[in-house]
Amino acid sequence: LLYTIKFEELESKMSLKAMRHLARWNCIRPKSSAMASGVAGSAAVYTDSLEFTNPKSMPQIPTYRVLDRHGSIKKGNVPPSLSATLLVEIYKKMLLLSKMDKILLQSQRQGRISFYMTCSGEEAAVIGSAAALQESDTVFTQYREVGVFLWRGFTLDDVMNQCFSTHKDNTKGRQMPIHYSAREHNIQCVSSTLATQVPNAVGYAYSNKLKNKKSVTVAYFGEGAASEGDVHAAMNMAAVLRCPTLFICRNNGYAISTSTKDQYFGDGIAARGAGYGIRTVRVDGNDLFAVYQAVTTARELAVSESCPVLLELMTYRVGHHSTSDDSTAYRYVGS
């Protein structure tokens, strides 16, 4: 009984102490709607009105474009200053990529190689973004960015050696087709596992930041891979540590057979950037000028402010997901 009485007295004293602390906290916490920093690890705005944020009431993130639907420069738009030589080189690489895709696709159908993935419809997004980068920028690709390799000097022989698994391949034929690697061109090896390259890119960018290198690290991925937890963790890490990283998302409409309407309910991938405190832009991925301008500006921003930038390139996957896929089973393919 004595023990019970003493425990109740102690409990009463502790409750009183907690109440006093609560009263003190009530006195010192902000009571206005002014910004209060340091609350729950972030800035907070107080309000007396209980309102739930409705995504439908928010404006949709616009898609930046320079060209109109007919390929002409829209009135009032200023295209990036590209020399005639650079434009011709970009066009050659886009054409080379398209032709190479067709040959290697047929090679797989004939049983000469085991697997392949084309870039049909996404040439401007891939080549245009690669052209806007510097050679000092380290690139982590997914598996539909062979155009980046071609732009940086990866030859047709290099591509064939990898896809046909010859002894001249960088990995000595130990990787399955399309898993390119080019250390000499500052491009990391392609990985089959979706999105694992994204946190790797952020870690690499953080390392470069500590070494005071004035370059960016680029992580390419598709909108399907953006559903992986690795992408969310990477974006948060990049934002918190202020890592100069370019997150380039190719939103081509499909994650294998899953269309975007079945992948997410919100405003695409770009809307996620703001949630992590990342500068974000949505771009017409089929507009070469828009892609080049956006990536150039994003790179300058990432280097000058040591911060991550997210670019969502809206494009379309014309071909099948891979040679193991038949897209006619889930979408209409016109003649």
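Summarised in this report is the structure supplied together with it. (Residues numbered from 1 in each chain as written. Predicted model: local features only at pLDDT ≥ 70, side-chain atom pairs only at ≥ 80, totals over all residues. Heavy atoms only, no water.)

Points about the overall build of the protein
Each helix and strand counted, the protein has nine helices and ten strands in total. Relative to its 335 residues, the protein shows a buried fraction of 42%. By sequence separation, contacts in the protein at least 24 residues apart represent 69% of the contacts at least 6 residues apart. By element, 55% of the accessible surface of the protein is carried by carbon and sulfur atoms, the whole surface being about 18,700 Å². (Helix = DSSP H or I, 4+ residues; strand = E, 2+ residues; numbered from the N terminus. Buried < 20%, exposed > 50% of the residue type's maximum accessible area, 1.4 Å probe, protein only. Contact = heavy atoms within 4.5 Å. Areas by Shrake-Rupley, 256 points an atom, 1.4 Å probe, with all protein chains shown as cover.)

Comments concerning the environment of Cys243
Mapped onto the elements, Cys243 comes out in the loop between helix 7 (229-241) and strand 6 (245-251). In this structure the C-alpha to C-alpha distance between Cys243 and Ala302, which are 59 residues apart in sequence, comes to 8.1 Å. Not counting chain neighbours up to four residues away, the residues in contact with Cys243 comprise Val202, Ala205, Tyr206, Met237, Ala238, Ser306, Cys307 and Pro308.

Comments concerning the packing of helix 3 (residues 123-131) against helix 9 (residues 288-305)
Across the interface, helix 3 lies against helix 9 with an axial gap of 8 Å and an inter-helix angle of 40 degrees. On the basis of their axis angle, the class for helix 3 and helix 9 is oblique. In the crossing of helix 3 with helix 9, the sense of the turn from one axis to the other is right-handed. On helix 9, the residues touching Ala124, Ala125, Gly128, Ser129 and Ala131 of helix 3 are Leu288, Val291, Tyr292 and Val295. Considering only residue class, the contact of helix 3 with helix 9 consists of seven nonpolar, two polar and no charged. (Axes fitted to C-alpha atoms, helices over the stretch in contact; angles between N-to-C directions. Parallel < 35°, antiparallel > 145°, perpendicular 65-115°, else oblique. Left-handed = near helix turned anticlockwise from the far one by under 90°. Nonpolar A, V, L, I, M, F, W, Y, C, P; charged D, E, K, R; others polar.)

A look at the packing of aromatic side chains
Geometrically, a pair of aromatic rings is defined through the distance of the ring centres and the angle of the planes. Applying the stated rule across the entire model yields six aromatic pairs. With centroids separated by 5.8 Å and ring planes inclined at 65 degrees, the aromatic side chains of Phe140 and Tyr204 adopt a geometry described as edge-to-face. Of the two residues, Phe140 sits in strand 4 (residues 138-140) while Tyr204 sits in helix 6 (residues 197-210), which places them 64 residues apart along the sequence. Of note, Arg331 hangs over the ring of Tyr254, and the distance from its end group to the ring centre comes to 5.2 Å. (Phe/Tyr/Trp six-rings, centres within 6.5 Å; stacked < 30°, edge-to-face > 60°. Lys NZ or Arg CZ within 6 Å of the ring centre and 35° of its normal.)

Focus on the nonpolar core
Core analysis: the biggest nonpolar cluster contains 55 residues, and Met100, Tyr116, Val159, Tyr180, Val218, Leu246 and Leu311 have the highest contact counts within it. Looking at this core, the elements that each hand over two or more residues are helix 2 (84-109), helix 3, helix 4 (146-151), helix 5 (156-163), strand 5 (217-222), strand 6, helix 9 and strand 10 (309-314). For this core, the element with the most residues is helix 9, which contributes ten residues. When neighbours within four sequence positions are excluded, Tyr180 is seen to be in contact with Tyr116, Val146, Phe149, Phe154, Val159, Gln162, Cys163, Gln188, Cys189 and Val190. Residues Ala195, Val198, Ala201 and Cys249 belong to the second largest nonpolar core, which totals 22 residues. (Core = buried A, V, L, I, M, F, W, Y, C linked by side-chain atoms within 4.5 Å.)

Looking at the environment of Val309
Position of Val309 relative to the elements: it lies in strand 10. Taking the relative accessible area as the measure of exposure, Val309 reaches 5% and is therefore buried. Aside from chain neighbours lying at most four places away, what touches Val309 is Thr245, Leu246, Phe247, Ile278, Arg279, Ala298, Leu301 and Ala302.

Examining the packing of helix 2 against helix 3
Running from amino to carboxyl end, helix 2 crosses helix 3 at an angle of 135 degrees, the nearest separation of the two axes being 10 Å. One element, helix 2, and the other, helix 3, form an angle in the oblique class. Here helix 2 runs over helix 3; the crossing is right-handed. Counting all contacts with helix 2, which are made through Ile90, Lys93, Met94, Leu97 and Ser98, the residues of helix 3 involved are Glu123, Ala124, Ile127 and Ala131. Along the lines of polarity and charge, the residues of the contact of helix 2 with helix 3 split into six nonpolar, one polar and two charged.

A short note on the pattern of salt bridges
Within the structure shown, the criterion is met by eleven salt bridges. Note that Arg282 and Glu312 form a salt bridge whose closest N and O atoms lie 2.9 Å from each other. Linking Arg282 in strand 9 (residues 279-284) with Glu312 in strand 10, this pair joins segments that are 30 residues apart in sequence. With a relative accessible area of 5%, Arg282 lands in the buried category. Here the residues in one salt-bridge network are Glu122, Arg144, Glu145 and Arg250, joined through shared partners. (Salt bridge = Lys/Arg side-chain N within 4 Å of Asp/Glu carboxyl O.)

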